[in-house]
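Each chain is listed here by its residues.
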Amino acid sequence: MNRDDRPTCSLSYAVEKIWKVQLSKHPRLKHVLNSFTRNNIIDCRKEPIENGHGSRMRILVYEDQFNLIYNIAVLQGLFSETNTIKKIIDGEVRSKAAELARAVLVGEQSIIGISLVSFKVESFIKELEGDMDLKSKKLSSPFETLPQFVLSDSISVIQALTARNSVLSVGDTMMDHYFCGDLEKAYLAAKVLQTENPIMQKYKNLIIKEFQSAQEFDDLLDLLK
Amino acid sequence: MYKISAFSLLICSFFSSVAHGSSIDGETLIYSCQELIAIYDRKGEKKLFAGMSTSVAEAMRAGICRGMIEEHKEHYGSCYSGWHSMAKKIALSDPDKVLEAEQLLKQACRG
């Protein structure tokens, strides 16, 4: 029973339309987009598939969601964790993410082998720093080509960074853990991080201090029990 | 760092003082003990959670409760209740009933 007449299409069709690639060939992108349809952040309709067995649902995405889909992919290129992307879109970690993006992208010509477009890097960061509606307005993409389409899909961007032993990977992991509230894991990453980037240094010191303070407090509580 | 100092400082100062007629009234004591219980509850929930989610002000208030309980027990040797159960009793008291801190502490000792 159709409640509205808004045009819909499949995720595959949407991806084909936006990037001219086949969604089935890009499992990471497929995974993140499916997650966001499941939790309804991407506005969509679910219909049972007509071959009679009834239990499988076809997902139909409203065509006004293309900009959101695009933004999710761009954010995945940089941040990789579905949960982090969600929290950027709903605003919870958006400004922290913008700071990290600024630390990581500005002044670089490429990142993990992906060329960056410098004037778009600046726009992207400004858009993240501002309050542009990420669900309806399209982000500037700092990447010449999305990492998901260039790197082998069998490994995540973070794993790719780790494999190349890049400072970026440890920093990114440290921030991921910090965003997710896992202070201990963030601390472990912070301890091994070596960076000359002043913003990352700031975060590293902040995380180490926070952890030590929390640990001291916990120990004191134990002592006084 | 500051949380630790605030908490310890208050406990020490109450423990070593013989002051009565202190400026801490019953209502303040009740709220302080509520903070103390809450901190230990949060500690039970997850590792490091207490440290991450307790503000400096909350820690200081909690210190007031613990310090006053310790001082009371020091003074009244016949008070055998543990600090946690005393704090809990005080925390559950009605702040609108005008009671002196001293009375709250005495009552918390019983039973």
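Keep in mind the model is a prediction, meaning the values are calculated, not measured.

Participant: Now, about the overall build of chain B: what can you tell me, with residues and values included?
Facilitator: For chain B, the helix and strand inventory stands at 6 helices and 0 strands. Start at the N end of chain B and walk to the C end: the helices and strands fall as α-α-α-α-α-α. The long-range share in chain B, meaning contacts at least 24 apart out of those at least 6 apart in sequence, stands at 68%. For chain B, the exposed area adds up to about 6000 Å²; of that, 58% sits on carbon and sulfur atoms.

Participant: Requested: an account of unusual backbone geometry, with residues and values cited.
Facilitator: Residue and element names in this part refer to chain A. The backbone phi angle of K20 is positive, close to 60 degrees, even though this residue is not glycine. Looking at the secondary structure, you find K20 in the loop between helix 1 (11–19) and helix 2 (27–38). Even without glycine at this site, N40 takes up a positive phi of about 65 degrees. Following the sequence through the fold, N40 ends up in the loop between helix 2 and strand 2 (44–48). According to the relative accessible area criterion, N40 is partly exposed, its value standing at 41%.

Participant: Lay out the state of the cysteines in plain terms, naming residues and giving numbers.
Facilitator: All names here are of chain B. Using the criterion set out here, one finds 2 disulfides over all chains in the structure. Bridging C33 to C65, the disulfide has an S-S length of 2.1 Å. The sign of the 95 degrees torsion about the S-S bond sets the C33-C65 disulfide as right-handed. One end of the pair, C33, is in helix 2 (residues 26–45); the other, C65, is in helix 4 (residues 56–75), and 32 residues separate them in sequence.

Participant: Describe in detail the packing of aromatic side chains, supporting the description with residues and values.
Facilitator: On inspection of all chains with the given rule, the structure shows 5 aromatic pairs over all chains. Taken together, a centroid distance of 3.8 Å and an interplanar angle of 15 degrees make the contact between A:Y187 and A:F211 stacked. Placement of the pair is A:Y187 in helix 10 (residues 183–192) and A:F211 in helix 11 (residues 198–223), with a sequence separation of 24 residues. Judged by relative accessible area, which is 12%, A:Y187 ranks as buried. Note on B:Y40 and B:W83: the rings are 5.1 Å apart at their centroids and 55 degrees apart in plane angle, and the pair reads as tilted. A residue pair is termed long-range when its members are at least 10 positions apart, and B:Y40 in helix 2 and B:W83 in helix 5 (residues 83–91) qualify at 43 residues. Taken together through their ring pairs, the aromatic side chains of A:W19, A:Y70 and A:F149 make up a single cluster. The ring centre of A:Y62 lies 3.9 Å from the NZ or CZ of A:R6, which sits over that ring.

Participant: Can you explain the interface of chain B and chain A? Please cite residues and give values.
Facilitator: Across the boundary between the two partners, chain B contributes 19 residues, which contact 15 residues of chain A. Of all residues in chain B, B:I4, B:K43 and B:L48 give up the largest surface area on contact with chain A, accounting jointly for 36% of the area buried on that side. At the junction of chain B and chain A, the tally comes to 3 salt bridges. One salt bridge in this structure joins B:K43 and A:D222, with 3.2 Å as the shortest N-O distance. The interface formed by chain B and chain A contains 6 residue pairs in polar contact (both at pLDDT 80 or more). Ranked by residue count, the leading element in the side of chain B that touches chain A is helix 1 (residues 2–16) of chain B, at 5 residues. Taken together, the residues of the side of chain B that touches chain A sort by class into 11 nonpolar, 3 polar and 5 charged.

Cut-off values and rules
Sequence positions are assigned chain by chain, starting from 1 and proceeding in written order. The naming scheme follows written order: chains are lettered A onward, ligands numbered 1 onward. Given that the model is predicted, a residue must reach a pLDDT of at least 70 before its local features are reported, and side-chain atom pairs must reach 80 or more before they are shown or counted; all residues, however, enter totals for whole chains, interfaces and linings. The side-chain values count all of the structure's non-hydrogen atoms but skip hydrogen atoms and water molecules. The helix count covers DSSP runs of H or I at least four residues long, the strand count covers runs of E at least two residues long, and both are numbered beginning at the N terminus. Throughout, a contact is declared for two residues whenever any of their heavy atoms are within 4.5 Å. For every accessible area listed, the method is Shrake-Rupley and the probe measures 1.4 Å; residues are considered covered only by the protein chains on display. Residue exposure (1.4 Å probe, protein chains only): buried if accessible area is under 20% of the type maximum, exposed if over 50%, otherwise partly exposed. The definition used for a disulfide is geometric: two cysteine sulfur atoms within 2.5 Å. Only centres within 6.5 Å qualify two rings of Phe, Tyr or Trp (six-membered ring in Trp) as a pair; their planes then separate them into stacked at under 30 degrees, edge-to-face at over 60, and tilted for everything else. Working rule: Lys NZ or Arg CZ, within 6 Å of ring centre, within 35 degrees of ring normal, means a charge sits over the ring. We define buried area as the total accessible area lost by two parts upon association, computed with a 1.4 Å probe and summed across both. A pair is scored as a salt bridge if a Lys or Arg side-chain nitrogen falls within 4 Å of a carboxyl oxygen belonging to Asp or Glu. Distance and chemistry together define a polar contact, namely a pair of N or O atoms within 3.5 Å, with one atom able to donate a hydrogen and the other to accept it when in protein, and with adjacent residues in sequence counting only for side-chain atoms on both sides. The nonpolar class holds Ala, Val, Leu, Ile, Met, Phe, Trp, Tyr, Cys and Pro. Asp, Glu, Lys and Arg form the charged class, and all remaining residues, Gly among them, are polar.

Note that every value here comes from positions in space, so none of it alone points to a role or purpose.
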